[in-house]
Amino acid sequence: MATNAPRIPSQEELEQRRRLQVGPETVSNQASTDFPGHWPGENHAWNIDHFRETFRVQFHKSEPLDSEFSLIGIDTSIANAFRRILISEIPTLAIEDVFIRQNTSIMQDEVLAHRLGLIPLAGNRNALNWMKWYHRPTEDNQNSGSPSDYNCAVLHLNIKCEWKADGLKLAAQGETDPDKLFVNHSVYAKDLRWTPIGKQEEIFGDGRPLEAVNPDILIVKLRPGQSIDLLMHAFKGIGQDHAKFSPVATASYRLLPTIDILKPIVGDDAKKFAKCFPKGVIDTPVITTEDSQDDLELQGKEGQVRAVVKNAMKDTVSREVLRHEEFKDKVKLGRIRDHFIFKIESTGQWDSEDLFLESVKLLKVKCQRIRRGLDEMNK
Amino acid sequence: MEEIDAQVDRDRIRVLPGSTPTSASFQFDNEDHTLGNALRYVIMKNPDVEFCGYSIPHPSEAKLNLRIQTYDDVSVYEVLEKGLRDLEGLCDVVVDTFAEARREKDARVS
């Protein structure tokens, strides 16, 4: 090269670099190449302003417990860090200790305690943010880490199954429906009772009290004479320690699929082509005279249908289309390397979009902590 | 999130034996691919860096090894420091852009 001026790749070339190619058995061009020294003469050094200009967010679905959005123009390593943090490092409150006073149900104490732990809890978000980690007493200091209002929520479950007034008589007549015979024969998550301690009453205030996200989770079934009386301590924890602390049911991403039709696909072939994809991906409009004027290959085919890509985002990239001989060399499948379609399903303690923001903040905190340690080391 | 104790963070970091000012392996306790790969990416974006890679030496030990080698006389410590700052800056941009896009979306809906 004559000068030292950085080479600027064409828009077309950059587009090509963002593409992963999906073949019948292979995926190629997966690795990102935007590093200094990879492309001679090009500048790929980290530039925050460039990132700020090119990074984009699009929302597709926003429900409190289910959101879908795209992050465009970010590297896989970063997107994956967010996903990993979402699953395993955002703290939530879950039942951790169960003190069983009475359990005459058929379910063993440890199984019952495990089931209680898995129930997702929800409550006033600000109050939950106010709560801190609980530290267990250590071997050398038994008095350390006592549960208190700022790190522990206390819940009770006290329930006894009994015959209804006319239950025995009905049973003698052959009635078998437990709803008609017994009271409290099924214990649900709504039977958990939260008792605010210390400042919790004030901090939770008029907001949502601490309760199960879904009141209808069946915990255990009872029969007359069986009873359960127990006390639970809910603490903050993270998914890395136990899956019950994970704030999401799923947090995942996929890359935006692309479908390039290289040569026109017309008539019955177009219908077959559309069937190779999920509904809504391929449209089959009728060829108009305007279309045939724009594209010489469509001339003389007016009135027939042709295949056009309507919404590639809906594609599952099953690669079915690549199995058919007639579409060979007519279609190219791919994905966009830096277009991540995130799907976050919250278990209910957090809003799903807040969860994403929290994951980004946590990644920043991780960096800050390492940097602080590094500063100390270099002192 | 908890009370800040710089000593705790100090004790999580080691420089492995055999380091020079331009090439060193760092070891971080209680970190994994989450930080390892993200940090590797931003450090590799630095033109002064000849090589950067990370590994988890053993799956049942919560340790992360990060290797950095630099060109010329650039200090690996400064490169690591810059990498961490760049990653923090990136997080800020993501939060801002996301929050902005969310506001626009909410305004459209209502």
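Quick notes on the rules
- Residues numbered from 1 in each chain as written.
- Chains lettered and ligands numbered in written order.
- Predicted model: local features only at pLDDT ≥ 70, side-chain atom pairs only at ≥ 80, totals over all residues.
- Heavy atoms only, no water.
- Helix = DSSP H or I, 4+ residues; strand = E, 2+ residues; numbered from the N terminus.
- Rg over C-alpha atoms; globule rule 2.2 N^0.38 Å.
- Buried < 20%, exposed > 50% of the residue type's maximum accessible area, 1.4 Å probe, protein only.
- Contact = heavy atoms within 4.5 Å.
- UniProt positions renumbered as here; feature names shortened; annotations may be inferred.
- Buried area = accessible area lost by both parts, 1.4 Å probe.
- Salt bridge = Lys/Arg side-chain N within 4 Å of Asp/Glu carboxyl O.
- Polar contact = N/O pair within 3.5 Å; in protein donor to acceptor, adjacent residues only side chain to side chain.
- Nonpolar A, V, L, I, M, F, W, Y, C, P; charged D, E, K, R; others polar.
- Pairing = 2+ DSSP bridges.
- Axes fitted to C-alpha atoms, helices over the stretch in contact; angles between N-to-C directions.
- Phe/Tyr/Trp six-rings, centres within 6.5 Å; stacked < 30°, edge-to-face > 60°.
- Lys NZ or Arg CZ within 6 Å of the ring centre and 35° of its normal.
- Core = buried A, V, L, I, M, F, W, Y, C linked by side-chain atoms within 4.5 Å.

1. Concerning the overall build of chain A
Point 1. A tally of helices and strands in chain A yields eleven helices and 18 strands.
Point 2. Relative to the globule expectation of 21 Å for 379 residues, the C-alpha radius of gyration of chain A, 30 Å, shows a markedly less compact shape.
Point 3. Put simply, chain A has 379 residues, and 42% of those count as buried.
Point 4. Contacts spanning at least 24 positions in sequence make up 77% of the contacts within chain A whose residues lie at least 6 apart.

2. Details of the UniProt feature "domain: DNA-directed RNA polymerase RBP11-like dimerisation" (unreviewed entry) in chain B
Point 1. Mapped onto the present numbering, the UniProt feature "domain: DNA-directed RNA polymerase RBP11-like dimerisation" (unreviewed entry) falls at residues 24-94 of chain B.
Point 2. Counted over residues 24-94 of chain B, helix gives 44% and strand 30%. Its end C-alpha atoms are 30 Å apart.

3. Digging into the interface of chain B and chain A
Point 1. Every contact between the two is made by 46 residues of chain B and, on the other side, 51 residues of chain A.
Point 2. The contact between chain B and chain A buries some 4,900 Å² in all, and 69% of this surface belongs to carbon and sulfur atoms.
Point 3. Where chain B meets chain A, there are twelve salt bridges.
Point 4. For the salt bridge of Lys364 of chain A with Asp92 of chain B, the shortest nitrogen-to-oxygen distance reads 3.0 Å.
Point 5. The interface formed by chain B and chain A includes 18 residue pairs in polar contact (both at pLDDT 80 or more).
Point 6. Put simply, the parts of the chain that give the side of chain B that touches chain A at least two residues each are helix H1 (6-11), strand E1 (13-15), strand E2 (23-29), helix H2 (33-44) and helix H3 (76-109) of chain B.
Point 7. Among the residues forming the side of chain B that touches chain A, the class breakdown is 24 nonpolar, seven polar and 15 charged.

4. A look at the pairing of strand E1 (residues 19-22) of chain A
Residues and elements named next belong to chain A.
Point 1. On E1, burial follows the alternation: Leu20 and Val22 on one face are buried, whereas Arg19 and Gln21 on the facing-out side are not.
Point 2. As defined by bridge partners, E1 adjoins strand E18 (residues 331-346) across four bridges and the pair is classed as antiparallel. Counterpart to Val22 in the pairing with E18 is Leu333.
Point 3. Two strands pair when backbone bridges link them, and E1 and strand E2 (residues 27-28) are joined in this way by two bridges, in the antiparallel orientation.

5. Some points on the sheet that holds E2 of chain B
Point 1. With antiparallel pairing, the four strands of this open sheet are ordered in space as E1-E2-E4-E3 (chain B). At either end of the open sheet lies a strand with only one pairing partner, and these are E1 and strand E3 (49-55) of chain B. When strand polarity is set aside, the average angle formed by the axes of neighbouring strands in this sheet is 20 degrees.
Point 2. One ladder, built from seven bridges, connects E2 of chain B with strand E4 (residues 63-70) of chain B; its direction is antiparallel. Following the sheet pairing, Gln27 of chain B is matched in E4 of chain B by Asn65 of chain B.
Point 3. Along the sheet, helix H11 (residues 352-377) of chain A contacts E1 and E2 of chain B; its crossing angle with E1 of chain B, the most-contacted strand, is approximately 55 degrees.
Point 4. Against the sheet, H2 of chain B makes contact with E3 and E4 of chain B, and its axis sits at roughly 175 degrees relative to E3 of chain B, the strand it touches most.

6. Focus on the packing of aromatic side chains
Point 1. Enumeration over the complete set of coordinates arrives at 20 aromatic pairs over all chains.
Point 2. Where Phe273 of chain A meets Phe277 of chain A, the ring centres are 5.2 Å apart and the plane angle is 55 degrees; that geometry is what we call tilted.
Point 3. Ring-pair connections join several aromatic residues into one group, and the members of that group are Phe59, Phe69, Phe82, Tyr253, Phe340, Phe342 and Phe356 of chain A together with Phe98 of chain B.
Point 4. Positioned above the aromatic ring of Tyr188 of chain A is the side chain of Lys190 of chain A, whose terminal nitrogen or guanidinium carbon lies 4.5 Å from the ring centre.
Point 5. Stacked on the ring of Phe59 of chain A, the Lys or Arg Lys105 of chain B has its end atom at 4.5 Å from the ring centre.

7. Side note on unusual backbone geometry
Point 1. Unusually for a residue other than glycine, Asn29 of chain A sits at a positive phi of about 60 degrees.
Point 2. Position of Asn29 of chain A among the secondary structure elements: in the loop between E2 and helix H2 (48-54).

8. Observations regarding the nonpolar core
Point 1. Formed by 61 residues in total, the largest nonpolar core has its most connected members in Ile74 and Phe82 of chain A together with Ile68 and Leu80 of chain B.
Point 2. Each residue touching Ile68 of chain B, except ones within four places of it in the same chain, is listed here: Thr22, Ser23, Ala24, Phe26, Ile43, Val49, Phe51, Cys52, Val76, Val79 and Leu80 of chain B.
Point 3. One finds Leu112, Ala153, Val187 and Ile219 of chain A within the second-largest nonpolar core, a separate group that totals 31 residues.

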